[in-house]
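Listed here are the chains, written in short residue letters.
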Amino acid sequence: MEDAIYQIVTELEHHHHNPQSHTPITESSLQALQTLLDYTLNKDDPIELENLSDELSAKNLSLSTALLHPLTAAMDSGGPHHSLLASKVYLSLLLTKDFPVISLFNPVAFHSLLRTIRCSFKNTQLGSQSGGKKRGGRKNNNKNKNRGKQLDYNDDEVELETPREFDIRVLFPVLERLNLVLGLIHLDRFPDCLKGLIQTIGGIPTTALDTCGGTVNFTRLCNICSEILSELLKAEHGEKGVTAAEVLKCLSLPIIASKSAARTFGLSYVVGKMSVMAKDSDEVRKCMVNFPKYLIGKAPERAELRALAVESILEVVKSLEFEDQVEFSDHVVRMSNGKPQLRLLAVDLILHLIMLLDNPLGHESSWGVKCLQALLERCSDSTAGIRARAITNLAQIVGFLSGNSENKAGIMKIMGFGEDGGINDLLRKRCVDEKAAVRKSALVLISKLTALQGEGGGFDDMLLKIMGVACSDQLVSIKKAAISALSETFRKFDDENVTKEWLHSVPRLITDNETSIQEECEILFLELVVDRVSWAGSNVADMSLSNGVLDLLKELCNGEVSPWVKKICTNLGKKKKLKPRVAVSLQNIIKKSEFMWVTESKPIEKWLAPAGAWFLLSEVSRFLLKAFDWEFLYHHWQLLDKHESVNAPVEEEDIESNSVDWAGDRVFLLQTISNVSVELPDEAAADLAHNLLKRIEDFSMHSMEVDAHVKALRTLCKRKAKDSQEADKLVNKWVHQLLSKACKTLESYMTKESENNKINVLFTPPSGTRKGNRSSTKMSKLLAQAVTAVYTIGSLVLVCPSADLKAIIPVLHNIITSGISDPKQKELPGVLVSFKQTAPSLYIQAWVAMGKICLADGKLAKRYIPLFVQEMEKSDLASLRNNIVVTMTDFCVRYTALVDCYIPNITKCLRDPCELVRRQTFTLLCRLLQRDYVKWRGVLFLRFLLSLVDKSEKIRQLADFLFGNILKVKAPLLAYNSFVEAIFVLNDCNAHTGQSNPLSSQKESRLFCIRGNDEKSRSQRMHIYVALLKQMAPEHLLATFAKVCAEILASASDGMLKIEDVTSQSVLQDAFQVLSCKEIKIPTNKGSSSTESSELEEDVSESSGAKGRVITQVVKKSLIQNTIPIFIELKRLLESKNSPLTGSLMECLRILLKDYKNEIEEMLVADKQLQKELIYDMQKYEAQKARSTAAEAVDKGGSHVNSVDTCAKVSSAVAGARAEATAKSVLRDVNQGAGTPSLSAMNVPKLKSSTGGATRLKGRSSAVLESLRRRQSFDFDDES
């Protein structure tokens, strides 16, 4: 010890004699001093320390005074080991018994101590990096060498020795001693030291994450930091409120910064330690109450970090008292009306608060009620991201609270089920929101509300339709959400409307392009349709049938649903997902229905199976052959076979309805029998084939039965024959037999009709005797047989295309040409019968049969296709036009080259007076276009545009889907390329072609235009323009803007477009409306992405987005600078001719000046005079507009003349002031006295017309620009 004391005394004496050197005490002296102090503290024997003090006293030195400056310099030296050792010595001295603490403790030294602790982690990282570089090689440049020399100069010992790896455990004794020192020294008199200590200790867990080397060391380190912070929160160190606030402020950063061990430490300390202290201290409690609010203000904008902040805030709130939690919820409610960032946080906090705290809906004034009301308000927020998040969180709350009956009643009351302005109205708006994320959230909320809506009786049928429409949304995520919501509703509600909407919306998605949606459709159909039917018919003992299953089966055979049901059943059957149970259940349902009918003593001949049962049975029978009982099929075959013959005379409507239902059941039964014919006994199959052939030969069936009988007969022949050759012979044999009988039936009717026609010509007036009535009845029976015979011919041709038709074709030709007038035939009246007049049903079926024959014979088709086109255009029978459209589309598939030239003729049916014909034409042409049998060229696209404003809502929906989904993907440039032409065509203007249409094509053009300047015509045309603009990419919107200006406005200013013409005026009017509409403007993303796009919209590359924005700005600037001169020139022209279009031009110009203000101001910097003239013109236009509005209002009031004059003066003054304000708000005020540059110095874009039909007048541009430079007086409201 004596050597150590001697070394310490010697060095301290050296430092005392050199007070200006600021040299730190050496590490060896520090180690010696630490050894001395450890002995004193451990043995509790101060003898050695007293010896050291005596030695220093002998040299006139005080221990505390002599050590303070060298220790402080050592702690500031920069080396981690040296400075930490000095810190340890410093703290050990303070802990020594009877040591003069007050003389040794100094704020400067204490701050050096804190700096040492903070820098130890940083120096560790830097030291390891520099050490690695030195070991890696000696290749350094001169700068590095100079740095090394400087380091050597500052601290020789540190640089000479090899860098040592830092061990975090060296820091533990320092922190432990620091904690002990705080029990001796109170920092209430040193606020800066207290604040620095809190910041240092609070930051240790964050900085020590990478240097602890394991969880054990980190845990120990956090425990020490926790003890120090707890010590600081005692009253001895100052006011608890101030200290607690500083501690919470320091811990807030790691709590909300990232998910790490430092965050865990901060939260555990606040929740575990400070919440306990808050119970005993009102000051700490107040800080704890305010801490969540402070975290809200510090919450980051990024979605992940914001969610982490919400989680942290709730952890703190959970530790508060209930009264404080309620107060915090009130703060969150107030926050929901603040800035967007705060509103978004409030929406998230409300969700977790309701799920966290007990009894949120205790009474009407409860905090939970206020939170729910605030959340409902945010569902209509102006920011789409907040709307979507609010609706999503509301859905989670509904799902969380719906488990309690009391909460259900509270939710229903708060949301206003069944009330005007309630949740139903809100969802109706949000389901058609412009943002996809909002629509998706609304659908999720609807799926959660189904239970509440059913019990409250407030389920809105309009929501069903909205969900159904959402199933056809262009976004896959929206489709899936809509399917889920609608299926959840269907799963819980046994309602006819729900069943109908689900079947009309979900099964159709089996044809969707997305495979996952197709699979979802199959799974849901299996669960909600097949399993329900299977369950309903599985219980044989229970003879009752629920209305839900009957409604389900009835809607399955709806014409709009059945095609999709067939497709789904086919897919399920191929995947072997259909089980025999469903076939057995359907048979049981039919048996139950028959049993219940007989039980009620009703005549069996009037019984019909539940609608849709036979249809679904026929579809599943193709894959479940062995699940059918032949006795069941044979019994009902006999029953349906006798149905027609025993049908008693009833009212005509009942006969027709009953007959159609009976025929439909018979068709589906026949399909079922033909599907399972392989399993039929041979004798039964032969009997059935004989009966089928016999019924076909009678030609007495309904037309819908004929195909089923023919196909069933062919199936029986093919499956029961020994080989394919024998089957073909059998089929050819009975086809030839049936064709011969059909031909004879037709000839018999035609002969009889011709004879009756001759007799009727001779009698004037025709005879009205009983004999004539009997003859009429007989002829109607012959006509019915002839119609069925013609339809049978068409069915037979499809079954056997190689059949001999030489005898039938002339007969059909005579029928379809009987309506064509011939001058030669007028000389012989009564010789030729017009079946179009006498037997329109036969006439129509003859055309259908001829079409089927032409499909089988190409040479015949080449001869008859022009005849089909002629009849399609001239026929006054809607059903015939519809059938010919179907036939022509079939021809287009089979004979594409032959029909291609007739596509414009087919498109005329898009404007047919019959809605069915229009819809059929639209649907069939769309299919041809999708399969590339028809191309989008010529007038086809322009004619399809009018379907967007069709009278029929169904056709408008189909058109919206075509342009919004199919064409946007298949032909994205179509809308852009045809936009300007569409403006001319819709207005029936030929200026863009430079030619006038001949009379023949004028009718066509009138058919596919929306002429007129009335409000209805303009709104319809604008609807079409908007639909096209919505399909364009941003770059195409700019190009369309330029094309409209160049090809319409510039053409008008050049004289190519005659302003006096009515159609040209309409074109110009539409051009102004298009240029000023919001859809042609490029969408811009304003504000931060935190609340809107980062998590809710599609991801976009930042680099590409920035590049695109730069290009867009450049193009916009160039575009506007080329557009404004065109507007100015056109304005002068319209004013010179007193055109009524001047107002539309000025309104459009006003909007352009407002929307493209920056670009126009840059352009007008070069010409202050032009800027003044624009301001003057705008001011004058606004004043005139305001005056006219005021005058109209006064005229409507019916006041006296004097009051009118007074009001006119007042309105004039007000209008002038308003016009001046409007003009100044659009453009910047100009500098007073700024001169106009010369014409040569002006940089004004040249006006260039895109049409090359005419040349400009020489010097016209210069004259226009010179006119713009003329100064005008701004002192008068009106021009002289």
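Residues numbered from 1 in each chain as written. Predicted model: local features only at pLDDT ≥ 70, side-chain atom pairs only at ≥ 80, totals over all residues. Heavy atoms only, no water.

> Can you break down the packing of helix H26 (residues 496–505) against helix H28 (residues 547–556) residue by residue, with the values?
At a minimum axis distance of 10 Å, the contact between H26 and H28 shows a crossing angle of 35°. Where H26 crosses over H28, the two elements pack in a sense that is right-handed. Two secondary-structure elements touch here, H26 through Glu 496, Thr 499, Lys 500, Leu 503 and His 504 and H28 through Asp 551, Leu 552, Glu 555 and Leu 556. (Axes fitted to C-alpha atoms, helices over the stretch in contact; angles between N-to-C directions. Helix = DSSP H or I, 4+ residues; strand = E, 2+ residues; numbered from the N terminus. Left-handed = near helix turned anticlockwise from the far one by under 90°. Contact = heavy atoms within 4.5 Å.)

> How would you summarise the pattern of salt bridges if you had to cite specific residues and measurements?
Side chains carrying opposite charge are able to pair once their charged atoms draw close together. Applying the stated criterion across every chain yields a total of 36 salt bridges. Notably, a salt bridge pairs Glu 315 with Lys 318, separated by 3.7 Å at the nearest N-O pair. With a gap of three residues between them, Glu 315 and Lys 318 both fall in helix H16 (residues 303–318), about one helical turn apart. With relative accessibility at 46%, the residue Lys 318 sits in the partly exposed group. A salt bridge links Glu 600 to Lys 602; the nearest nitrogen and oxygen atoms lie 3.2 Å apart. (Salt bridge = Lys/Arg side-chain N within 4 Å of Asp/Glu carboxyl O. Buried < 20%, exposed > 50% of the residue type's maximum accessible area, 1.4 Å probe, protein only.)

> Go over the packing of aromatic side chains, please, and point to the residues and values.
The geometry of an aromatic ring pair comes down to the distance between the two centres and the angle between the two planes. Going through the model one piece at a time under the given rule, you end up with 18 aromatic pairs. Between the aromatic rings of Trp 936 and Phe 944, the centroid separation amounts to 5.2 Å while the plane-to-plane angle is 65°, which identifies the pairing as edge-to-face. Linked through ring pairs, Tyr 843, Trp 847, Phe 868, Phe 891 and Tyr 895 together constitute an aromatic cluster. Lying across the ring of Trp 597, Lys 602 places its NZ or CZ 4.7 Å from the centre. Here Lys 852 stacks its cationic end above the ring of Tyr 791, 4.7 Å away from the centre of that ring. (Phe/Tyr/Trp six-rings, centres within 6.5 Å; stacked < 30°, edge-to-face > 60°. Lys NZ or Arg CZ within 6 Å of the ring centre and 35° of its normal.)

> With reference to specific residues and values, describe helix H40 (residues 840–856).
Taking 1.5 Å as the rise per residue, H40 with 17 residues should run 24 Å; its terminal C-alpha atoms sit 25 Å apart, in good agreement. Taken across its 17 residues, H40 has 14 buried, putting it largely inside the fold. (Expected span 1.5 Å × (residues − 1).)

> So, the nonpolar core: which residues are in play, and what are the values?
In this structure, Trp 734, Leu 842, Phe 944, Ile 1048 and Leu 1049 are the most contacted members of the largest nonpolar core, which totals 368 residues. It is helix H37 (residues 770–799) that provides the largest number of residues to this core, a total of 12 residues. With near-sequence residues (within four places) excluded, Leu 1049 lies in contact with Val 1044, Leu 1068, Ala 1071, Phe 1072, Leu 1075, Ile 1126, Phe 1127 and Leu 1130. (Core = buried A, V, L, I, M, F, W, Y, C linked by side-chain atoms within 4.5 Å.)

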